[in-house]
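Spelled out, the chains give:
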Amino acid sequence: GAAITMEEVAKHCTKEDGWIVVKGEVYDITEFIRTHWGWHAAGKNSTIIAIMSALGGDCTRDFDEVHRELAMWPTIKAQLEGFRVGVVSGEQADEGERVAYQTWDQLVESGRIPK
């Protein structure tokens, strides 16, 4: 896959254009975000808030903690692989870093979630 800098990944942080990094691999999860059930669930779904907060950065630690022990982990891993667009080149984020979760209002204000 293509070599992609974290600077480039950071530009892709909205519902219309969302990338994440997991274990040094870059994934364009835009279509997954657009069709996620959480948009239609009651209220401002915490799963959507977590995903939208993670866009444009490395979410390895959070992704693994949330998904690794699930029975459907093999399916999740295969689905993620389908979104792969490249590998991180140059300066990489610390995979141990936590995602800086934002509130719904912060996500709207930053443009990550459309008003």
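Quick caveat, the model's predicted, so the values are computed rather than measured. Sequence order as written defines the numbering, with residues in each chain counted from 1. Owing to the predicted nature of the model, reporting of local features is limited to residues with pLDDT of at least 70; listing and counting of side-chain atom pairs is limited to 80 or more, with chain, interface and lining totals taken over all residues. Side-chain metrics in this entry use all non-hydrogen atoms of the structure; hydrogen atoms and water are not considered.

**Structural notes on the pattern of salt bridges**
Phase 1 of the analysis: By definition, a salt bridge exists where a carboxyl oxygen of Asp or Glu is found within 4 Å of a side-chain nitrogen of Lys or Arg. Scanning all chains against the criterion turns up 7 salt bridges.
Phase 2 of the analysis: The partner of E8 in a salt bridge is K11, and the shortest N-O contact between them spans 3.3 Å.
Phase 3 of the analysis: Note on exposure labels: buried denotes an accessible area under 20% of the residue type's maximum, exposed denotes more than 50%, and partly exposed covers the range between, all computed with a 1.4 Å probe on protein chains only. Looking at E8, the relative accessible area reads 27%, which means it is partly exposed.
Phase 4 of the analysis: Across the salt bridge formed by R61 and E65, the nearest N and O atoms sit 3.3 Å from each other. With R61 and E65 both in helix 4 (residues 60-67), this residue pair falls 4 residues apart, about one helical turn. Helix and strand assignments come from DSSP, with helices taken as H or I runs of at least 4 residues and strands as E runs of at least 2, each series counted from the N terminus.

**Overview of the packing of aromatic side chains**
Phase 1 of the analysis: Here a pair means two rings of Phe, Tyr or Trp (six-membered ring of Trp) with centres within 6.5 Å. Their orientation is stacked below 30 degrees between planes, edge-to-face above 60, and tilted elsewhere. In total, this model carries 2 aromatic pairs according to the counting rule given.
Phase 2 of the analysis: On the numbers, 6.3 Å between centres and 55° between planes, the contact of F32 with F83 is tilted. Remark: F83 occurs in the loop between helix 5 (73-82) and strand 5 (84-89) and F32 occurs in helix 2 (residues 30-34); sequence separation between them is 51 residues.
Phase 3 of the analysis: By relative accessible area, which is 26% here, F32 ends up partly exposed.

**Here's the deal with unusual backbone geometry**
Phase 1 of the analysis: Backbone geometry at K23 places phi at a positive 50°, although glycine is not the residue there.
Phase 2 of the analysis: In this structure, K23 sits in the loop between strand 3 (17-22) and strand 4 (25-28).

**What about the sheet that holds strand 3?**
Phase 1 of the analysis: By definition, two strands form a pair when at least two bridges between them are found by DSSP. Ordered in space as 1-5-4-3-2, the 5 strands form an open sheet in which the pairing is mixed. Edge positions in the sheet fall to strand 1 (2-5) and strand 2 (13-14), since each has one partner strand and no second.
Phase 2 of the analysis: Where strand 4 lies against strand 5, 3 bridges are found, and the strand directions are antiparallel. Within the sheet, the bridge partner assigned to V26 lies in strand 5 and is G86.
Phase 3 of the analysis: Any two residues having at least one pair of non-hydrogen atoms within 4.5 Å are treated as being in contact. In this analysis an axis means a line fitted to C-alpha atoms, helices contributing only their contacting stretch, and an angle means the value between N-to-C directions, from 0 to 180 degrees. The strands touched by helix 5 within the sheet are strand 3, strand 4 and strand 5, with strand 5 carrying the most contacts at an inclination of about 80°.

**Here we look at the nonpolar core**
Phase 1 of the analysis: Formed by 24 residues in total, the largest nonpolar core has its most connected members in I20, I29 and M52.
Phase 2 of the analysis: Broken down by secondary-structure element, the contributors of at least two residues to this core are strand 3, helix 3 (46-54), helix 5 and helix 6 (104-109).
Phase 3 of the analysis: For this core, the element with the most residues is helix 3, which contributes 5 residues.
Phase 4 of the analysis: In terms of nonpolar packing, the next biggest core, distinct from the first, is built from 7 residues, V9, V21, V26 and V88 among them. For the purposes of this section, nonpolar cores are sets of buried Ala, Val, Leu, Ile, Met, Phe, Trp, Tyr and Cys residues that join through side-chain atoms within 4.5 Å.

**Overview of the state of the cysteines**
Phase 1 of the analysis: Throughout, disulfides are identified as pairs of cysteine sulfur atoms within 2.5 Å of each other. Inspection of every chain in the model, using the stated rule, returns 0 disulfides.
Phase 2 of the analysis: Among the cysteines around C13, which has no disulfide bond, C59 carries the closest sulfur, lying 13 Å off.

**Looking at the pairing of strand 3**
Phase 1 of the analysis: Counting buried positions over the 6 residues of strand 3 gives 5, a clear majority of the element.
Phase 2 of the analysis: Bridge analysis of strand 2 against strand 3 gives 2 bridges, and the strand direction is antiparallel. Each residue of the ladder has a partner; that of C13, found in strand 3, is G18.
Phase 3 of the analysis: Linkage of strand 2 to strand 3, two consecutive antiparallel strands, is achieved through a turn of 2 residues.
Phase 4 of the analysis: Where strand 3 meets strand 4, 4 bridges bridge the pair, whose relative direction is antiparallel. The residue of strand 4 that forms the bridge with V22 is E25.
Phase 5 of the analysis: In this structure, the hairpin formed by strand 3 and strand 4 is closed by a connection of 2 residues, where K23 is found at a positive phi of approximately 50°.

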